[in-house]
Each structure stands twice: as structure tokens, then as C-alpha cells.
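What follows is each chain in one-letter form.
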Amino acid sequence: MYRLLIVEDEKNTREGLRDCVDWASYNIKVVKEASNGLEALSFLLENSADIVLTDVVMPLMDGIELVRQIRQRNITSKIVFVSGYWDMPYLKSAFELDAIDYILKPIKLSELDKVIRKVIKMCEQEREEKERIQKMRNKLEASMPLLREKFIGELLNGIYHDKDVIEQRMRFMEIPFFDNGYYTVMTLRIISKMDWENATDIEKHEFQCVIIKDIIESALDSSYKIFCLVMNEQRISVILNSKHSISYDQIISIAQGIQENIHVATNIQVSIGIGEEVQSVELLKISYQKSL
């Protein structure tokens, strides 16, 4: 249900707004009644309200100042003013604060119905838009691993040349490389395959890649960032990223450790090509080509 806050200093009017309207028929619940803007603001700082139905002239804090404070705090409630004819000069300020509409006193239920239906329609459209955007975000999040792999594959093949564009995409895809780090590409060539009975070739390939990637990731400590990418049925490329330069002896030791771990765990034999170390992501294509 949509949440409604009624702000009115006249007790009879406030209670009339609360009791004389079948709010449930609009899918609305009155969550609070306040007698002035200060009380209403105090409530909104701790609670939410989809709609604020507020008088204009009130003690302590009037409706205009209340809405100004609401907007300054980025509270997104829909605002409807209740105004007397003598309050009309205030209404210009009200609409500068993105009020949805106003209702003149004495309040006619037919006029109130019209305005409330208008506000509800806006709330429904906004909720539908939020749901649509959330679905898109969920869809994007679900496809992010594939997008990362596609981007890294294009990066290794030299599709991208602009460092700023590359880094922007890496941030968007949350690829966890160190800033201003060093990069080395290793490419594993699978020489012998695992032998599983009762498994299709596709299943064998997928299982094999998952196991090898897991072994590679487990073989390295937290001082390295890595990204494994399956290039085809026989090749897996690994981007090794470090804050500091990796010596030739270190990278050989890492490659030998990966090779041995894979063979011990799976009986799969791999050969590993090591590319030269580069200091910028747009140069990864050079390290990759050398690794091949």
C-alpha cells in the first residue's frame, strides 16, 4: 500500500481528511497525522511516505518550508497542498518545489478524489519504472561474467587501444586489477584431456575448464590479481596482475607450480607460454601474442 502523511493544523480538517475518505480503496494507508510542518519533517526523517497531503499556512513550520526541507533532503514524497483562497500567493512557491497539485478549502471529496487518483497514477508509473530498471540491473548482473570474458578477450586481441576507455569499462565491469600495476599473460595449452565416462564432449570441456581455472586461482596468493579466460577447447589464457614487477624466476616458478598442480589434481598435462611483462592494460595484447 502507498503511505500517506496528513499535515494540517486544524484538528477538525485533519481528522476529517483521515476519517471521511476510504483510503484503502485507493490502496493508501494513513501512516501519520501531523499538526505542523516541524512535526511532519521529524517523522519523515525517520520514516517514509509516498504522499504528503499538507496545509500551506501552519504554525512553527508552514507547508512551503516543509516541502523545501523535504526537497533539500532528497525525500521523494509526492506533495499535494491543501489551500484556502487567501493562500493563493503561496502556491507559486509550492509549484517551484515540484508539488503535484493543490486542493482548495473547503475540501470537496470529488476534487480530492480527482487529485488522489492523479497522484496514485504517478506513483504506479514510478514504481513500474523502478521495477523495470531493477529487472534490467538484475539481468545485467547475471550476464556480467560473460560480458567480462568478452571484454577481456577483445582486449587481448587488440580491439581496444584507448587506455581511458579500457579503464572505464574495467571499472563498470568491476574487473579487480591493481591501479598502475604490472601485467603478464600466460597461455595454457591442454595436451591431454580428462577422461570421464558417461559425459558428453561439451560436458567434459566445461568441467575441465572449471577445474583448471579453480586450480590456477588457488595456486596464487592475494598479492596477485588474476583473470582466467577460456579461448578455445585447448587454450586458457591467464592475466596475472601485480602491484610490483614480477621477476623472470618468479613467473617461471608460478607457471611450473600451476602446471604441476593441474597434473597432480587431474592428470591433465599442459604446456604454458609466458608473455612479456607490460605496465599498461592497453599493452596486454603484446603479452598475449608473446604467450602464444
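Below is a summary of the structure that appears in this document. (Residues numbered from 1 in each chain as written. Predicted model: local features only at pLDDT ≥ 70, side-chain atom pairs only at ≥ 80, totals over all residues. Heavy atoms only, no water.)

**Focus: the overall build of the protein**
Then, in step 1: For the protein, the helix and strand inventory stands at nine helices and nine strands.
Then, in step 2: With respect to the three principal axes, the spread of C-alpha positions in the protein is 85 × 45 × 30 Å.
Then, in step 3: Relative to its full complement of 292 residues, the protein shows a buried share of 42%.
Then, in step 4: When the accessible surface of the protein is totalled, it reaches about 16,700 Å², and 48% of it is carbon and sulfur. (Helix = DSSP H or I, 4+ residues; strand = E, 2+ residues; numbered from the N terminus. Buried < 20%, exposed > 50% of the residue type's maximum accessible area, 1.4 Å probe, protein only. Areas by Shrake-Rupley, 256 points an atom, 1.4 Å probe, with all protein chains shown as cover.)

**Regarding the packing of helix α5 (residues 109-156) against helix α6 (residues 163-172)**
Then, in step 1: Where α5 contacts α6, the axes come no closer than 10 Å and their chain directions differ by 155°. Judged by the inter-axis angle, α5 sits roughly antiparallel to α6. Along this stretch, α5 crosses α6, giving a crossing that reads as left-handed. Counted together, Leu-140, Met-144, Phe-151 and Leu-155 of α5 and Ile-166, Arg-169, Met-170 and Phe-172 of α6 form the full contact between these two elements.
Then, in step 2: Among the residues making up the contact of α5 with α6, the classes are represented as seven nonpolar, no polar and one charged. (Axes fitted to C-alpha atoms, helices over the stretch in contact; angles between N-to-C directions. Parallel < 35°, antiparallel > 145°, perpendicular 65-115°, else oblique. Left-handed = near helix turned anticlockwise from the far one by under 90°. Contact = heavy atoms within 4.5 Å. Nonpolar A, V, L, I, M, F, W, Y, C, P; charged D, E, K, R; others polar.)

**Focus: the nonpolar core**
Then, in step 1: If you look at the biggest cluster of nonpolar residues, it comprises 22 residues, and the most contacted ones within it are Leu-188, Ile-212, Ile-216, Leu-240 and Ile-262.
Then, in step 2: Only β6 (182-190), α7 (201-219), β7 (224-230), β8 (235-242) and α8 (248-266) provide two or more residues apiece to this core.
Then, in step 3: Here this core takes five residues from α8, the largest share from any one element.
Then, in step 4: Beyond its immediate stretch of four places on either side in the chain, Ile-262 contacts Leu-188, Ile-212, Ile-215, Asn-267, Ile-268 and Val-270. (Core = buried A, V, L, I, M, F, W, Y, C linked by side-chain atoms within 4.5 Å.)

**What about the pattern of salt bridges?**
Then, in step 1: For the structure shown, the criterion picks out 15 salt bridges.
Then, in step 2: Ionic pairing is found between Lys-130 and Glu-126, a salt bridge with its closest N-O pair at 3.8 Å. Residue Lys-130 and its partner Glu-126 are located together in helix α5, separated by four residues, close to a single helical turn.
Then, in step 3: A relative accessible area of 52% places Lys-130 in the exposed class.
Then, in step 4: Each of the salt bridges in this network shares a partner with another, and the network as a whole consists of Glu-8, Asp-55 and Lys-105. (Salt bridge = Lys/Arg side-chain N within 4 Å of Asp/Glu carboxyl O.)

**A few points about the packing of aromatic side chains**
Then, in step 1: If you walk through the whole model with that rule in mind, you get three aromatic pairs.
Then, in step 2: Pairing Trp-23 with Tyr-26 gives two aromatic rings, centres 6.2 Å apart and planes at 50°, and the pair type is tilted.
Then, in step 3: According to the relative accessible area criterion, Trp-23 is buried, its value standing at 4%. (Phe/Tyr/Trp six-rings, centres within 6.5 Å; stacked < 30°, edge-to-face > 60°.)

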